[in-house]
Amino acid sequence: MTDPIRDFIEREGFLVLDGGLATELEALGCDLDDPLWSARALIDDPETIRTAHRRFLEAGADCIATATYQATFEGFAARGLGAAATTRILRESVDAAISARADFLGGRAAPGPGGAPPASRPPPLVAASIGPYGAYLADGSEYTGDYGLSAAELYDFHAPRWEVLAETEADVLACETTPSVEETRAYCRLAAVSHRPTWISFQCRDGARLADGTPLETAVALCDAEPHVVAVGVNCVDPRLVVPLVRAARRATEKPILAYPNSGEEWDADAKRWTGPATPTDWARSAAEWRAAGADGVGGCCRVGPAAIAAIRGGAVPSQRTVT
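Residue numbers here run from 1 along each chain, matching the order of that chain's written sequence. Restriction of local features to residues with pLDDT of at least 70 applies here, the model being predicted, together with a cutoff of 80 or more for giving and counting side-chain atom pairs; totals for whole chains, interfaces and linings are based on all residues. The basis for every side-chain value is the complete set of non-hydrogen atoms in the structure, without hydrogens or water.

Trainee: Just to check I follow, could you spell out the pattern of salt bridges for this structure?
Mentor: Charged atoms that come close allow side chains of opposite charge to pair. We define a salt bridge as a side-chain nitrogen of Lys or Arg found within 4 Å of a carboxyl oxygen belonging to Asp or Glu. Overall, the coordinates contain 16 salt bridges when judged by the stated rule. One salt bridge connects E92 with R88, and the closest N-O pair in it is separated by 3.2 Å. One end of the pair is E92 and the other is R88, both in helix α6 (residues 83-106) and 4 residues apart, which spans about a single turn. Buried means the residue's accessible area, taken with a 1.4 Å probe over protein chains only, is under 20% of the maximum for its type, while exposed means over 50%, and partly exposed covers the values in between. By relative accessible area, R88 is classed as partly exposed at 43%. Two residues, R101 and D171, come together in a salt bridge whose shortest N-O distance is 3.0 Å. Each helix corresponds to a stretch of at least 4 residues labelled H or I by DSSP, and each strand to a stretch of at least 2 residues labelled E; elements are numbered beginning at the N terminus.

Here it is as structure tokens:
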């Protein structure tokens, strides 16, 4: 098995992730008020997905995640789509990201700001996004992990989508916003069975525990024991929690650690909107702090757009200039 995350970090020293894909799709005019969320655009507006990917790449992202976070066989079946159509859509989501990457690479022949050659950056990675069971429920339970399902039941739920995405040309599978230890166990087993490089990123209730109350170090230790889980991380958490969470994760693994928080706003599952104030964040300074705390890759999640990713690149990778 190749390890694209470690290979990239060993070559470049750091990995800049993209931001909130759904946030950028909404900024581009997509209506995501739907149980499918960003996956709705896979049906209605795939070209806008490519545009959103391209914007994050131009902002300096070294890795873009597909629009499959909330794309499941069950979710598309509720929309009247059969297994064959869902399989095609999942594959096309990866193709869209790869196409955006190819367009970006083909268009970066001109020197970047200050004369720095964009070609000095290696080809960005494509991560096939896999959201938790709670994302399919669309009831906010990815922020609690309160499913009442065993690891075996969660394995059975995720397996069909996983099998399709594992057969694509994505560089890595990205299990995002993982709120529970049972889902962690399911993902580790799926990674082992598929032999595909995988990262598992956690949703946490505070600076030490997953959303379901499990100590982060316990979940990370499970990932550390599975060779096909090549990186761990935290995502869609308040930026203020990143430093303690990264330090907690580092106590349990030497694998790369990724951190991509949201804006600090809170998701209101009943109103279907983000509420409360954003956490004041100097993304450049914070990215440097998170790297110093032990993060090997930094990006953003919900409510974090390309401008923040450009700032992250400038703060965490000061020796490299952003491509515009």
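Trainee: I tried to follow the sheet that holds strand β7 (residues 257-260) on my own but got confused; where do I start?
Mentor: Strand pairs in the sheet, formed through backbone hydrogen bonds, run parallel or antiparallel to each other. We call two strands paired when DSSP finds no fewer than two bridges between them. The sheet built from 8 strands is open, its strands ordered β1-β10-β7-β6-β5-β4-β3-β2 with parallel pairing. In this open sheet, the two edge strands, each paired with only one partner strand, are β1 (15-16) and β2 (63-65). Across 4 bridges, the pairing between strand β3 (residues 125-130) and strand β4 (residues 172-178) is parallel. Its bridge partner being in β4, A128 is matched across the sheet by L173. In this description, contact between two residues means that some pair of their heavy atoms is separated by no more than 4.5 Å. Helix axes use the C-alpha atoms of the stretch in contact, all axes being lines fitted to C-alpha atoms, and the angles between their N-to-C directions lie in the range 0 to 180 degrees. Sheet contacts for helix α11 (residues 242-250): β6 (229-235) and β7; angle to β7, the most-contacted strand, approximately 160°.

Trainee: Just to check I follow, could you spell out the packing of aromatic side chains for this structure?
Mentor: Where two aromatic rings form a pair, the distance of their centres and the angle of their planes describe that pair. Each aromatic pair joins two rings of Phe, Tyr and Trp (for Trp, the six-membered one) with centres within 6.5 Å, and gets the label stacked for planes under 30 degrees apart, edge-to-face for over 60, and tilted for any other angle. Applying the stated criterion to the full structure yields 7 aromatic pairs. With 6.0 Å between their ring centres and 80° between their planes, W283 and W290 make a pair best called edge-to-face. W290 gets classed as buried once you look at its relative accessible area, which sits at 2%. Every member of this aromatic cluster is reached through a ring pair, and the members are Y133, Y136, Y147 and F157.

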